[in-house]
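Residue-level listing of the chains:
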Amino acid sequence: MRLTQKVVIITGGAKGLGRAFALKMAGTSKLEIQQRIQDAAQWLQIDSLLKRRPGSLSAGQRQRVGIGKVLIRRARLTLLDEPLSHVDAPLRKQLRQRIKAYQIEQRLSFVWVTHDQVEAVHVADRVCVLHEGCVQQIGPPGEILQSPANAMVSEFFMIGLMPAHVPIGKSAGKGGKN
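Numbering of residues begins from 1 in every chain and follows the order in which that chain's sequence is written. Local features in a predicted model are, by the rule used here, given only for residues with pLDDT of at least 70; side-chain atom pairs are given and counted only at 80 or more, and totals for whole chains, interfaces and linings are based on all residues. Calculation of side-chain values draws on the structure's entire complement of heavy atoms; hydrogens and water are dropped beforehand.

Colleague: What should I look at first to understand the packing of aromatic side chains in this one?
Modeller: How two aromatic rings sit relative to each other is given by the distance of their centres and the angle of their planes. Stacked, tilted and edge-to-face pairs are distinguished by plane angle, under 30 degrees for stacked and over 60 for edge-to-face with tilted covering the rest, among Phe, Tyr and Trp rings (Trp via its six-membered ring) whose centres lie within 6.5 Å. Applying the stated criterion to the full structure yields two aromatic pairs. Seen from their ring centres, Trp-43 and Tyr-102 are 5.5 Å apart, and the 80° between their planes marks the pair as edge-to-face. With a gap of 59 residues between them, Trp-43 in helix 3 (residues 30-44) and Tyr-102 in helix 5 (residues 89-106) connect regions that are remote in the sequence. Here the term buried applies to any residue with accessible area under 20% of the maximum for its type, exposed to any over 50%, and partly exposed to those in between, with areas from a 1.4 Å probe on protein chains only. Classification of Tyr-102 by relative accessible area gives buried; the value is 1%. Starting at the N terminus, helices and strands are each numbered in turn, a helix being any DSSP run of H or I of at least four residues and a strand any DSSP run of E of at least two.

Colleague: How do you make sense of the confidence of the model for the protein when you look at a structure like this?
Modeller: When pLDDT is low, close inspection of the predicted coordinates is not appropriate. On average, residues of the protein score 80 in pLDDT, and 78% of them are at 70 or above. Think of pLDDT as the predictor's per-residue confidence, scored from 0 to 100. Contact between two residues is taken to exist if any of their heavy atoms lie within 4.5 Å; hydrogens are not considered. Low pLDDT, under 50, characterises residues 4-14; the predicted model gives this stretch 32 contacts beyond four residues in sequence or across chains. pLDDT under 50 marks residues 170-178. Its contacts with residues more than four places away, or in other chains, come to 18 contacts.

Colleague: I tried to follow the pattern of salt bridges on my own but got confused; where do I start?
Modeller: Here, a salt bridge means any side-chain nitrogen of Lys or Arg that lies within 4 Å of a carboxyl oxygen of Asp or Glu. Following the criterion strictly, the structure yields four salt bridges and no others. Across the pair Arg-36 and Glu-32 runs a salt bridge, and its minimum N-O distance is 2.9 Å. Within this pair, Arg-36 and its partner Glu-32 are both found in helix 3, separated by four residues, close to a single helical turn. A relative accessible area of 31% places Glu-32 in the partly exposed class. For Glu-32, the salt bridge is made with Arg-74, and the minimal N-O distance between the two is 3.7 Å. Here Glu-32, found in helix 3, pairs with Arg-74, found in the loop between helix 4 (59-73) and strand 2 (77-81); they are 42 residues apart in sequence, far enough to count as distant. Judged by relative accessible area, Arg-74 falls into the partly exposed class, the value being 22%. One continuous salt-bridge network, built from bridges that share partners, spans Glu-32, Arg-36, Asp-39 and Arg-74.

Colleague: Which parts of the structure should I look at to understand the nonpolar core?
Modeller: Generally speaking, a soluble globular protein has its nonpolar side chains buried in company with each other. Formed by 26 residues in total, the largest nonpolar core has its most connected members in Leu-44, Leu-71, Leu-84, Ile-99, Phe-110 and Trp-112. In these notes, a set of buried Ala, Val, Leu, Ile, Met, Phe, Trp, Tyr and Cys residues joined through side-chain atoms within 4.5 Å is what counts as a nonpolar core. Counting eight residues, the second largest nonpolar core, distinct from the first, contains Val-121, Val-129, Val-153 and Phe-157.

Colleague: How should I be thinking about a nonpolar patch on the surface in this particular structure?
Modeller: Judged by side-chain polarity, Leu-77, Val-111 and Val-113 come together as a nonpolar surface patch covering roughly 230 Å² of accessible area. Taking the relative accessible area as the measure of exposure, Val-113 reaches 32% and is therefore partly exposed. Patch membership requires over 30% relative accessible area and the absence of a salt bridge. Like charges are linked within 9 Å, and nonpolar side chains (Val, Leu, Ile, Met, Phe, Trp, Tyr) within 5 Å. Residue-level accessible areas treat just the shown protein chains as cover; the underlying method is Shrake-Rupley with a 1.4 Å probe.

Given below as structure tokens:
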């Protein structure tokens, strides 16, 4: 499953979340689909958006509906490509925490693509730093922040410049997938 920066909403607005086409094709019961939709809508605080049309949703709201569509699938591995890029900063922090909690609760694995260093250290169990298509370093956020592999990683994470109070994401451990 993949979520990109540009979220395409099926005609019918956020109701497309309710269509859950892939779940229907997989033989999931209507009751189970509705329960998953309600769970995701509550986690993402989009209950009020479920009956609205695409044109009436902001970019951030469309992105949250798109995240909801991804979460109801409960795919074992999901690529989230800049999933919060259109969400306002105050809500972004809250959604990061909610998505991470949902991931751990449902025992899902996400590949979360971001250019936001703070977001990376908050949501990741492991971080892969890429530069011009080459892996620079892979490891837990704390390890990367404490022992950057090279100058590029150090500069990217502004080691020495980042405020000391920025908490580092905790590993999901046995409850989640790494």
